[in-house]
Structures are given as structure tokens and as C-alpha cells.
Amino acid sequence: MHKEFLMGNEAIAMGALAAGVQLVAGYPGTPSTEVLETIARRNPGNVYVEWSVNEKAGLEVAAGAAYTGARALVTMKQVGLNVASDPLMSLEYIGVKGGLVVLVADDPGPISSQTEQDTRTFAMFSKVPLFDPCSVQEAYEMIQEAFDFSEKYGTPVFFRATTRIDHGYEGILIKDPQEYIRHEAQGFIKDSSRWVIFPRLSVRNHALIEKRNDELSDTLSEYPGNRILFETGAGCQKGIATHGINFMYTTDSLEGRNARILKIATPFPFPEKLALSFLEGLDEVLCIEELDPVIERALTFVCGKYGLKVKIRGKLTGDIPPAGENTPELVDRAVTGLLGPAAGRASAPETLPEPPALPVRPPVLCAGCPHRASFLAVKEAMKGKKTIYCGDIGCYTLGNAAPLDMCDTCLCMGAGIGIAQGVGHIEPDTSCFAFVGDSTFFASGITGTINAFYNQANMTLVVLDNSTTAMTGHQPHPGTGRTVMGQVVEKVSIEKVLLAIGLKVVETVDPLDFQAAVETTKRVAAQPGVKAIIFRSPCISVIRPEGKSHVDEKKCIGCKKCIKSLGCPALTLDSDGKKARIDDSLCTGCTLCEQICPADAISGGRKNGLAAGKEEA
Amino acid sequence: MRKEIILCGVGGQGTILASRLIASAAMNRDLPILTAETIGMAQRGGSVFSHIRIGEGAGSPLIPKGKADLIIGFEPGEAVRQLPFLKPDGTIVVNKRPVMPVSASLGQSAYNPQAMLDYLRQNVRHVILVDGDKATAALGSSKVLNVVLLGAALESGALGFSEEDLQKVLQERVPERFLELNRKALSWMRNR
């Protein structure tokens, strides 16, 4: 054992390695991404790791490994689970031989997601047991237990953490590589009565799963991750039931206040016997949960089932907000509402006078981001026309912000392509555009494009190819020609994919060549049917600038066109508020401002991008 | 030792690396350490923070409001934003140089950095202003702003670590060719 300062996701990865994981697959998504990246970085050499094309592919690859008896891990964020849900729902009926852990990172807030869905609820729906750790150290230990559990009961298991665990750091004790479990896979053994899903197998296994989960409820009542703390005596009348990081907020806030605490690490199957001992003698229980009221519903059910007269409070009674991330302050207020103020604490904290207006900083496209140039080119090309710009999931969703205002819809990965078709079928006079990033195109854009082509839609597909998965921290994908294990592989060509589908017009252009980008857009959008533009220019963090742009104060006429049309964070006004100024530490030399300046006052930017219009071999 | 420290600024200013350096110093002294920070979409030019909790007794990595011993603000407005976390006799180290948001350049929102500094001086007993522009110009690199601010926190005595602790961490974590630059940055406040 040794001590390391690790991010929660790193700790989960190190725990999986210690448990002898042999295959890890996943698709990037905040806050889950670092788990797979850490496995790749700390790989002792015997672990197969891949960034899969999407979560469904990743889960299927992991299932195959688990069928052979190997231990496998698949990683994703909560919305990725929706993509993987098709194989997962069936896999629960089939079961696994080697331990299979489905790591899902939930995002209360949400901080970087479309939904606030709760994987604990998904566990109930899919009947897959779930582990929910409360700290980085517990996550490290619990993922090892999750592998054992999965293998022992022959079921995939969820390992679900939330942002504050995934992205929290802690100095923790971990195993040395020589302490890792070495796991030998037995190999796949043919048995169609086990591995082929048919209605007869489904109904038989459904019954077995329900029976197993009932039994697991008893087993999990003994599991140390689920426990009762502090006031366990008969005199105690108030209890708090909580989970995950909220358990930490709760214990941090107690400051000597007495309550019986129930910590739930496996909300499904719910440890009913443990809950019964917790409820014994209590009058009132406050459930402090994030996302869905899972524990609250379970306790209300237990009270009904056993005729207990305990008042269960939480989200369903309005004591905890139904949505959003909980904070230490929110939890402390709820604890105070139940138990009264902590002794010795000032009744009213010192209040500060109202501060001056704070700077408003919504996230924006980076200075020099090629997406800005692509959006500006389409905006310029389609000026005065009736259009819809369907956006998608990635950095380019930020194209919605002023002054670009180039994202009219955003739903989920790849959805923009379908939405553009639907709008076009009802409004034939609208020019329908779907913007999709390179990684998103591979993950879930191809089927939508085939749908459009086959069903005679009229739309322009715009692939924003920055040669990386930028939003989640630059993971390789099929178009990059690299894998996470460091292999150089043949690239999947977006152009060739589109041409193979049957598209007749597929044009590639460098968006940083503004005039060429505008003309290409005009030409392509005027064609009938499904056509595509590929704006290819690498992400600013992939290519370094060779020269940065500067404003010639003598030439600048102070028209602010650069500032008002680009919204580039490197462009501000000088201290007099008269002339444009470029922040040298932010400029990446994209030259877009130079190209649109009416006074020819900006120069000096240089960037060695990929050659426009040419595909890399 | 028990210390609660918040670093705050704008995405890209180097708050995360500074938080790592403090965490390493705590690890070197074998102190319990928890941190939390902004990762993801908000990093794209948004407000970012790191919470650092050192010593026994903390459970969650987030510092409750009114409990921070020290705030290191990489930007005036961001320091004010985090001020509710500072305890009544806490210390603020703040870089005077503002980062103007796109919304202000576009005229959609107002931002008066001087008003932020005035507000801090009026409401916090221990404010240490750092001329980050002057420091990074003198040192010849805008990348070492974070270490300059750490040095200022060290000088204030509110960091809870010694100069030797931080020098050791720089030695361990900074690549050889940038080591001298970072050492100078750490002592810039004292030697200026």
C-alpha cells in the first residue's frame, strides 16, 4: 500500500486495476472521462483499453469480455447510459461470467449535461444492482467489491458516482501493482441456452432475477457500505437517511447535533432489514438526497409494508429541493430544520453588503476556435434566408451564445440531424442545417444521415471536424488515426463515409479561410437533397499559433465590428473604450478578425492548420 | 494544522495547477487533504474555483460558506464572487488585473474591476493586492501568475506552509527548464 493524491475518477480506475480488470471500454463524457484515461495511463500492461465509438458499442465489447470470464469495466456519463440501455436491459437477463462493472457518472446540477437523470432509478428499472460511494477513498475500495459482487452473483453491476466524488480529490491509500489481483479468464464456453436471448429464457431469468434481488436485499443489509451511525440507542427519535457526497455534507454539518444516520450505498436492491433497524423507535426521518428521492420512496414503502408510523420527509414533502445540486449550505439548513441549530453557532452569520455587479461569464468558444469561423461563414452565407440551425452536443453547442446565435436546437448526441429532417418535411421553404462535431458524427451521426438520404430529406449536414473530442479533454476517435493505447491506425474518413451513403455533394473547406468557407456554404446549401460541408480545422489546443494578431491603433477606426461579430474572448476594447485590443495571452493567430476588419487594421496572426480541401491519407 | 483555502479565477488562468501544488505540500507533510474544482464546460472562459481542505475533520471536499481561511483570487471580480466563503478574519490575496468577459465587451453586461477591489478593501480586514501584470512582465512569462500568487499567500502567513515546503513541491513537480522561473515567481512578492 502507498498513499497518493487522486481524483475520484483516478481512484476508481486504480481500484479497477487492483481488482484485476482485463478490458476497459467507454465513451468520453463529463464527469466520467478520467476513469478510462487513468486506466490507459497506469496500465500495468495486461489491460485492453479502448475509447469505443459510443456507449452502446463500449458496453457490448465489455459484455463479450465478461462472457469469457474476464473482468471488464465500461465507463460513461449518465446520458451515455441511455445510449447503452438497449444492450444493458437484455444483458441483465443474460448475466455475466466475469465481473462486469458499468460505471456511470451522474451530474447533479447539471454542470455539464442535458439531464439530471438518476442512475439509481435506472438500476431499479433495469434490475441491475448499484453501488453509490460517498468519498474518493470509499470509491477506491467499493469498485473492487463491485467486481467481486458482479462475479459472485453473475450480474452486471452499476458503479455510480456524482461529480463531487468523480472530480473530488483526496490523499488515499492504494495498493501497489504487485498487490493487484491477477485474473485468468476461462474463455467463452458455447452454450446457446445461456447466451442467446429468447422469450423462454427471458421469462425464466426474469423470475430468477426478482428472487435474487429479494435475497440480495438481505445480503446488502450486512454490507458495510450500508450502515447506521451515531445515535443508535432507543432514546433517539430523529433520523437522517442519506447517500454519496450528501452523507459527507450531513456529517460535516452535524457539529455535535444528535441524530441517527442511515448511509445507503446500495439503493438497489434496497437493504430493507437494515432500514427496519434504522427506523426502530424513530418519529421522523429526513432523507437528504440528490436527483431522485430513491431512499425516500424506499423508506416510505418500508413504513407502509410494516405499518410503521414514522414520518418520512425529503423531496416528496418539499423539505429538499426537487432539482439541482445540493450544497453544504442547503444540507445544513435541512439538518437545522430537523434538529435545530448547532450549539455555540452564531444564530445569524455575518452578512456582507451587496457587492457591485459581478462579471457575467457564461462559457464561450475559446479564442481562435475554428467553430466560431464555421458558424460565422454559414451565418454570412445564409444572410436573409429562412433557416434553422440544429446544433448538437459538444463545444459547438456554445455557438448559441451572442453574437453568433447559431444554435437553434440542441437535444442529445446526433439528434440535430434528425430534427433538421423533421423541420424540413413540414417547412419545405426553410434551409435546414445540422451541425455535428467529428466525434459526435462517429458516435451517433451516421445513422441519422442514412435516414436523411434514404427518406429524401432536404438538408445540409455540417461536420465541424476539429480532429479531436475537444469538450471532454481531447480523446482520440475513429477519425484521428490514434487509439487510447497509442496505436497509429487507419483513419475513418468522414468524406468517404458520406460518399458511401450516397451523398453527391460533400465539400471540405478550412473555416479559417473565411471567403472560401462562405462561398462553399452558398454553393453546397443551394443543392437539392442531402449534402454536406466538412469544416476542417484543428482545435486550438492541438495546433500552436505561429504568430499572434495585433491591432494597429493608427488604422483601427473603432467600429468594433471584430468584437461585435466574433465574440472572441481575446478581443476587448482598450482602456479608453475606443479601439480594439487583442489579449496576447489568449490569441491563437486564427486571423478571422483580420479577415473581417473593414479597415485592414489587424495583422500578424499565423497558424499552421491542416490544408483545407485535402483529406489526409 | 487545519486550513480551508479557495482559489478562484477564470478558466485558463492556472488555478488548477496552483491547487495541485498546495495539495502536494500537504501530502509531503502527510496531512489529510480534500479538494474539489471546476472541470468541464465551465472551464471555457467561465468562473472557476478550487476548494482545498487540509487537516483532520473535513468530510466533503466543498468548503461551507464562511469557513475559508484564505482566498487566492486570480481576478478581482472572481475574488468578490467567492467572498461569502471567507471566514470573518480570513485573508484575501488578489490579482489586480481583471479579465474582461465577452459579455462586457459586447456591452451586454457591466463590469467595473476597480469597484471590486474597493469592495474587497472595505469588507475584508486582510487584503493583499498583487500586481500580476507587473510581476509576469518582470518575470517574462504570463504562465507563472499562479506561482506569484502562491508566493503572496505564503508572505501573508495565511497559507499554513513554509517557503521550504513550496520550494520542495516546485522541485518535485516543475520541469527542470522552468524551475528557476517558478522559484523567482514564488519569491517575487518578497523581493519586489
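Keep in mind the model is a prediction, meaning the values are calculated, not measured.

Enquirer: How do you make sense of the overall build of chain B when you look at a structure like this?
Expert: What chain B contains, in helices and strands, is 9 helices and 6 strands. Relative to its length of 192 residues, chain B is compact, with a C-alpha radius of gyration of 16 Å against a globular reference of 16 Å. C-alpha extents for chain B along the principal axes are approximately 50 × 40 × 35 Å. Relative to its 192 residues, chain B shows a buried fraction of 60%. Sequence separation of at least 24 residues holds for 62% of the intrachain contacts in chain B that already meet a minimum separation of 6. Placing the 23 positive and 18 negative side-chain charges of chain B at their respective mean positions leaves the two points 3 Å apart.

Enquirer: Is there a simple way to explain the packing of aromatic side chains in this structure?
Expert: We describe a pair of aromatic rings using the distance from one ring centre to the other and the angle between the two ring planes. All names here are of chain A. Summed over the entire model, instances satisfying the criterion amount to 14 aromatic pairs over all chains. Ring centres 5.9 Å apart and planes at 80 degrees place the aromatic pair phenylalanine 122 and phenylalanine 125 in the edge-to-face group. With a gap of 3 residues between them, phenylalanine 122 and phenylalanine 125 both fall in helix α5 (residues 119–126), about one helical turn apart. Each ring, one from phenylalanine 149 and one from tyrosine 153, has its centre 4.7 Å from the other, and the planes form 50 degrees; the classification is tilted. Within this pair, phenylalanine 149 and its partner tyrosine 153 are both found in helix α6 (residues 136–153), separated by 4 residues, close to a single helical turn. Linked through ring pairs, Phe131, Phe149, Tyr153 and Tyr223 together constitute an aromatic cluster. The ring of phenylalanine 247 carries lysine 263 above its face, with NZ or CZ at 5.9 Å from the centroid.

Enquirer: Just to check I follow, could you spell out the side chain of threonine 591 of chain A for this structure?
Expert: Residue and element names in this part refer to chain A. Looking at the element boundaries, threonine 591 is found in the loop between β22 (580–582) and α21 (592–596). Residue threonine 591 is classed as buried on the basis of its relative accessible area of 16%. Beyond its immediate sequence surroundings of up to four residues, threonine 591 is in contact with Leu512, Ser549, Gly605 and Arg606.

Enquirer: Even after reading the chapter, I still don't get the sheet that holds strand β16 (residues 459–465) of chain A, so can you show me in this structure?
Expert: Hydrogen bonds between backbone groups are what pair the strands of a sheet, and the pairing can be parallel or antiparallel. Residue and element names in this part refer to chain A. Strand order in the open sheet formed by 5 strands is β14-β15-β16-β18-β17, and the pairing between neighbours is parallel. Each edge of the sheet is formed by a strand with only one pairing partner; in this case those strands are β14 (387–390) and β17 (506–509). For this sheet, the mean angle separating the axes of adjacent strands, direction not counted, is 20 degrees. When β14 meets strand β15 (residues 431–437), the two strands line up parallel, connected through 4 bridges. For cysteine 390, the partnering residue across the bridge sits in β15 and is alanine 434. Taken strand by strand, helix α19 (residues 514–525) contacts β15, β16, β17 and β18 (530–536), and its axis lies near 170 degrees from that of β18.

Enquirer: Mind showing me how you'd approach the interface of chain A and chain B here?
Expert: Note: interface size is frequently given as the accessible area lost on complex formation between the parts. Listed by partner, the interface residues are 51 residues for chain A and 57 residues for chain B. Carbon and sulfur atoms supply 63% of the area buried between chain A and chain B, which totals about 4300 Å² over both sides. At the surface where chain A touches chain B, the tally comes to 6 salt bridges. Contributions of two or more residues to the side of chain A that touches chain B are made by β1 (2–7), β8 (168–174), α10 (244–254), α13 (328–339), α20 (561–566) and β21 (571–573) of chain A. Across the side of chain A that touches chain B, the residue classes tally to 29 nonpolar, 8 polar and 14 charged.

Enquirer: Explanation requested: unusual backbone geometry in the structure shown.
Expert: Trans is the prevailing form of peptide bonds, just as negative phi is the prevailing case for residues other than glycine. Residues and elements named next belong to chain A. Residue proline 269 is reached from phenylalanine 268 by a cis peptide bond, and omega for that bond is -10 degrees. With respect to the element layout, proline 269 can be found in the loop between β11 (260–263) and α11 (272–279). Following alanine 402, the chain continues to proline 403 via a peptide bond in cis, the omega torsion being 0 degrees. With respect to the helices, strands and loops of the structure, proline 403 is situated in the loop between β14 and α15 (415–426). A positive phi angle, close to 55 degrees, is found at aspartate 600, a residue other than glycine. By secondary structure assignment, the location of aspartate 600 is in the loop between α21 and β23 (602–603). Residue aspartate 600 is classed as exposed on the basis of its relative accessible area, which comes to 52%.

Enquirer: I keep staring at the nonpolar core and nothing clicks. Help me out?
Expert: Residue and element names in this part refer to chain A. Counting 74 residues, the largest nonpolar core has Phe435, Phe441, Met459, Leu461, Leu498 and Phe535 as its most contacted members. For this core, the leading source of residues is helix α14 (residues 370–381), giving 6 residues. For this core, the two domains that each supply at least three residues are domain 3 (370–536) and domain 4 (545–607). Leaving out residues up to four positions away in the same chain, leucine 461 has contacts with Ile417, Ala434, Val436, Phe441, Thr449, Leu498, Lys531, Ala532 and Ile533. Counting 59 residues, the second-largest nonpolar core is a separate cluster that includes Ile172, Leu216, Ile240 and Met248.

Enquirer: What am I meant to see in the domain arrangement of chain A here?
Expert: Per the domain assignment, the segments of chain A are domain 1 (2–197), domain 2 (227–339), domain 3 (370–536) and domain 4 (545–607). Between domain 2 of chain A and domain 4 of chain A, the C-alpha centre-to-centre distance is 56 Å.

Enquirer: Is there a simple way to explain the sheet that holds β11 of chain A in this structure?
Expert: All names here are of chain A. Pairing within the open sheet is mixed, and its 5 strands lie in the order β9-β11-β10-β12-β13. The open sheet has two free edges, formed respectively by β9 (227–230) and β13 (311–313), since each of these has just one partner strand. Across the sheet, the axes of successive neighbouring strands diverge by a mean angle of 20 degrees, strand direction being ignored.

Enquirer: Would you mind going over α6 of chain A with me for this structure?
Expert: One full turn of an α-helix is made of 3.6 residues, so residues set three or four places apart face in the same direction. End to end, α6 of chain A covers 25 Å across 18 residues, agreeing with the expected 26 Å (1.5 Å per residue, within 8%). Glycine 154 of chain A lies just past α6 of chain A and shows a positive phi near 65 degrees.

About the cut-offs
Residues numbered from 1 in each chain as written. Chains lettered and ligands numbered in written order. Predicted model: local features only at pLDDT ≥ 70, side-chain atom pairs only at ≥ 80, totals over all residues. Heavy atoms only, no water. Helix = DSSP H or I, 4+ residues; strand = E, 2+ residues; numbered from the N terminus. Rg over C-alpha atoms; globule rule 2.2 N^0.38 Å. Buried < 20%, exposed > 50% of the residue type's maximum accessible area, 1.4 Å probe, protein only. Contact = heavy atoms within 4.5 Å. Lys, Arg positive; Asp, Glu negative; His and termini not counted. Charge placed at Lys NZ, Arg CZ, Asp CG, Glu CD. Phe/Tyr/Trp six-rings, centres within 6.5 Å; stacked < 30°, edge-to-face > 60°. Lys NZ or Arg CZ within 6 Å of the ring centre and 35° of its normal. Pairing = 2+ DSSP bridges. Axes fitted to C-alpha atoms, helices over the stretch in contact; angles between N-to-C directions. Buried area = accessible area lost by both parts, 1.4 Å probe. Salt bridge = Lys/Arg side-chain N within 4 Å of Asp/Glu carboxyl O. Nonpolar A, V, L, I, M, F, W, Y, C, P; charged D, E, K, R; others polar. Core = buried A, V, L, I, M, F, W, Y, C linked by side-chain atoms within 4.5 Å. Domains from an automatic or database assignment. Expected span 1.5 Å × (residues − 1).

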